[in-house]
Amino acid sequence: MSFRILSAVVCCVVVLLLHSPQTLAQETRKDPATGRTYHLQYFIGLYTGLGINLHTAGFGQLPGFPSCCIEYKDNTSLSPVFDALIEVPIMHDLRIQGRLGYTGLGGLLSTQQVIGNEPVIDDGPVPTATRRDVIVEHTLDAALPMVVLEPTIGYRFLDFFWLNAGLRGGYVFSSTFIQAERLFSPEGYTFTDGSTVRNQASGDIPGAVPFQVHGVLGLGYELLTKSRISLVPEVRYYFPFTKIASVDWLVQSFQLGVSVRYGIYSPSDPVVIRDTVFIRDTTVVAKPNLKNDNIFLSRSESAQESRDEGDKRFTTVTITEHYIRETPRPFKPDVGLKFIALADDGTAMPADSVRVEELDVIENYPLLPQIFFAHNSSSLDSSRQITLDRSQAQDFRTMDLTRDQIDVYRNILNVVGYRLQKNPSASVTITGCIDNLDEEKNNKELARQRAETVKDYLVTVWGIEGERLKVVSRGLPQNPANPAMPDGQQENRRVELSSDDNALFEPVEFRDRDLTVSPRVFNLHPTITNGEDISAWDASIHQESNVLLTSSGSGQPTDVRWNADTNGSKPKTAKPVIGTLVVKNELGQSYSSSDTLNVDYVTLQLMKSREEGGKLVERYSLIVFEFNSAHLNPANERVLERVKQRIRPESKVKIVGFADRQGNPDYNRSLAQRRCEEAQRVLGLSDDRVTIEPVGSDRLIFDNDYPEGRSYSRTVHIEIETPLR
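Read on for an overview of the structure. (Residues numbered from 1 in each chain as written. Predicted model: local features only at pLDDT ≥ 70, side-chain atom pairs only at ≥ 80, totals over all residues. Heavy atoms only, no water.)

Taken in spatial order, the five strands line up as E10-E5-E6-E9-E11 in an open sheet, and their pairing is antiparallel. Single-partner strands in this sheet number two, and they are strand E10 (189-191) and strand E11 (197-204). Recorded for the sheet is a direction-independent mean angle of 35 degrees between the axes of neighbouring strands. Looking at chain direction, strand E6 (residues 128-143) and strand E9 (residues 176-185) are connected through nine bridges and run antiparallel. (Pairing = 2+ DSSP bridges. Helix = DSSP H or I, 4+ residues; strand = E, 2+ residues; numbered from the N terminus. Axes fitted to C-alpha atoms, helices over the stretch in contact; angles between N-to-C directions.)

In this section: the environment of Thr 276. Here Thr 276 shows up in strand E15 (residues 271-287). Classification of Thr 276 by relative accessible area gives partly exposed; the value is 28%. The sequence separation of Thr 276 and Ala 245 amounts to 31 residues, and the corresponding C-alpha distance is 75 Å. (Buried < 20%, exposed > 50% of the residue type's maximum accessible area, 1.4 Å probe, protein only.)

Right, let's get into helix H4 (residues 412-422). One full turn of an α-helix is made of 3.6 residues, so residues set three or four places apart face in the same direction. In terms of burial, H4 is largely enclosed, as nine of its eleven residues are buried. For H4, every residue scored as buried is listed here: Ile 412, Leu 413, Asn 414, Val 415, Val 416, Gly 417, Tyr 418, Arg 419 and Leu 420.

This part takes up a nonpolar patch on the surface. A cluster of nonpolar side chains, contributed by Tyr 42, Ile 44, Ile 86, Ile 229, Leu 231, Val 258, Val 260 and Tyr 262, occupies part of the molecular surface with about 600 Å² of accessible area. Contributing elements (two or more residues each) for the nonpolar patch: strand E2 (37-57), strand E13 (229-240) and strand E14 (249-267). Among the elements that take part in the nonpolar patch, E14 stands out by supplying three residues, more than any other. With respect to the helices, strands and loops of the structure, Ile 44 is situated in strand E2. (Patch = residues over 30% accessible without salt bridge, like charges linked within 9 Å, V, L, I, M, F, W, Y side chains within 5 Å. Areas by Shrake-Rupley, 256 points an atom, 1.4 Å probe, with all protein chains shown as cover. Salt bridge = Lys/Arg side-chain N within 4 Å of Asp/Glu carboxyl O.)

Turning our attention to the nonpolar core. In terms of nonpolar packing, the biggest core is built from 33 residues, with Leu 420, Val 428, Ile 430, Val 454, Trp 462 and Leu 497 touching the most fellow members. For this core, the elements supplying multiple residues, two or more each, are H4, strand E22 (428-432), helix H5 (444-460), strand E24 (494-498) and strand E25 (508-518). The biggest single contributor to this core is H4, with six residues. Excluding its chain neighbours within four sequence positions, the residues that come into contact with Leu 497 are Pro 369, Ile 371, Leu 413, Val 416, Val 428, Thr 429, Ile 430, Val 454 and Phe 505. (Core = buried A, V, L, I, M, F, W, Y, C linked by side-chain atoms within 4.5 Å. Contact = heavy atoms within 4.5 Å.)

What the rule picks out here adds up to 19 aromatic pairs. On the numbers, 6.4 Å between centres and 85 degrees between planes, the contact of Phe 339 with Phe 522 is edge-to-face. In this pair, Phe 339 is assigned in strand E18 (residues 334-342) and Phe 522 in strand E26 (residues 521-529), connecting sequence segments 183 residues apart. Here Phe 522 falls in the buried class, since its relative accessible area comes to 0%. Measuring from centroid to centroid gives 6.0 Å for Phe 396 and Tyr 418, while their planes differ by 70 degrees, and the two rings are edge-to-face. With Phe 396 in the loop between helix H2 (390-394) and helix H3 (405-410) and Tyr 418 in helix H4, this residue pair connects regions lying 22 residues apart in the sequence. Cluster of aromatic residues (ring-pair linked, three or more members): Phe 157, Phe 160, Phe 161 and Tyr 221. Here Arg 29 stacks its cationic end above the ring of Tyr 265, 5.6 Å away from the centre of that ring. The cationic tip of Arg 384 hangs over the ring face of Tyr 706; the distance from NZ or CZ to the ring centre is 3.7 Å. (Phe/Tyr/Trp six-rings, centres within 6.5 Å; stacked < 30°, edge-to-face > 60°. Lys NZ or Arg CZ within 6 Å of the ring centre and 35° of its normal.)

Before going further, it helps to examine the sheet that holds E18. The sheet built from four strands is open, its strands ordered E19-E18-E26-E29 with antiparallel pairing. In this open sheet, the two strands that pair with only one neighbour each are strand E19 (348-350) and strand E29 (560-563). The average undirected angle you get between the axes of adjacent strands in this sheet is 35 degrees. As paired elements, E18 and E19 share three bridges and run antiparallel to each other. Within E19, the residue paired with Leu 342 across the bridge is Ala 348.

So, on to the pattern of salt bridges. Under the definition given, this model contains 36 salt bridges. A salt bridge links Arg 198 to Glu 181, with the nearest nitrogen and oxygen atoms 3.0 Å apart. Placement of Arg 198 in strand E11 and of Glu 181 in strand E9 is noted, with a sequence separation of 17 residues between them. On the basis of relative accessible area, Glu 181 is assigned to the buried category, the value being 1%. For Arg 325, the salt bridge is made with Asp 293, and the minimal N-O distance between the two is 2.7 Å. Within this pair, whereas Arg 325 is found in strand E17 (residues 312-328), its partner Asp 293 is found in the loop between E15 and strand E16 (294-309), the two being separated by 32 residues in sequence. We classify Asp 293 as partly exposed; its relative accessible area is 39%. One salt-bridge network, in which partners are shared between bridges, spans Asp 487, Glu 491, Asp 660, Arg 661, Asp 705, Arg 710 and Arg 714.

Function cannot be inferred from these measures alone, as they are strictly geometric.
Here you go:
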């Protein structure tokens, strides 16, 4: 049936081709009254047609609905089609089209089936039960109304034919069915329940796919008129990319229909033919930021007469013009530059030199013998520890770590592994802990797995004998953080390392040279005269090839502040520091000025030879406090005893106390004060020999989103400054 319909449509299209008027396509129109040409912008219109749905069924029953059907036959159904459309030309023979409308994919699937030896009832005068071969008919009537969006692209050939291709996306807003099995033959019999129908069902199609996608191929013939309206009879074929439901059920479609389109046109710009009479005068003006002479019209008065003939406009204009001729004014600003030193109170003073002194600095980075794990995890990948392979471990040295407390912490397993290699008699106890909440509630097996993970790393990567590593599991740590708070819960999910050999957990110590700069702050101060045409400036401070500071701006230059005592901005040699200012106008022409600042670079050896006051600066950070505690544990008391031995009568000592983010800021400052006083007590320093600064949580020295950051924040920093002679 579908083949016969398609053949009839093709014949109709050929007849239309042979008998259609050979008018031009509707890209342009002429207004007969004015002769003006109008160009097509787009079509809008409506489409109606008949959809021929070809159902291809490879199933016999819907999931969840009993049926003894083996497989439905392919079938054909009809559905009306209604669309609104818009069509836009993009080239002479190429258009894009969009359609939005309604159609349906529903239809009736049926098949007949012979069932042998079926129990039936002979519906005679006396109903008699018997068995015989019967023919039953299975039917599945589906309703699938669909809203469609159909973008296609069309190509014109043979003047009036349009070949379209694209996609159709549809939304099936209702997917229902009615199912039945009827006793078809022989007549006069019923099923055992006295009815000729069984396995009846209806409802929503199970596993229905609401979003349908089809490929589109179409052929249309454009019937043109002299008006803005055109008719396009067409045939379209839709091949499916999606099934109707979870069963093997596809629907192809043919559509036969016609679209009625209305063209939207806009007039072409007229070709203007001018006849002009000019009266001109010119004024000369000197102007900055000009590379060449510039002549422009400043004022114009005109009288105009016009007439249109088709697409041409004839204009006669009489113009009186006043011109200004701008000539370049030379770019010659007077530029000066000077270094100005700023005292700590902001007082400005002339500066000819800057003094750079070397300091001998010892920094102490303590170890936090705790490895934190993610919730319900025993994998080292969930911690923030840096792990190595065996070849990398062979090249590991503690002195190669960066001067960064968190970097030192993230390598604690490598530091302990390295020290265990160097000290074969030392052993370590590895204690696994849990937060005792949710999945970790009473989960000591998880605590043991965490400890075993750490042991396995030390054995596998660092080659430590297993008998030197004792594994212990428990619930909460012996000194837990607050288990009622998320921060505390995170800190309790950890493995603790301990040993009778104190050397394993000694702080990592770095000794290096640092620089102090005096004065610390300078202004690079410009002086500009005759610089009204300056549009941009660039300033820089450098020492040989080392750039210490760059700055730039637009308009007039401003003071540039240089903090010479910050990392990256410090002079590092005795070579002079050069400040440079370059000013530019809008044309890129430039003038520059510079100033030189001598550097008095004093090494430790030079200070000693001059008997000047060089300095040894020692900085110690102590993980000395548990959560909400100002009590020093024995390990950190030993560190303080070492610190105490470094203090000389002429030393200046400063103790700065910190806390983590948990708790009230006022309470944390008080807690930090007690921690400072505890460190002062152990060091045996009187009040006149020490400066105490309780910061608390007002300034977090590490990222408190991580448990190690909070642990390292419960600390005191001790700085010892001792003169060198």
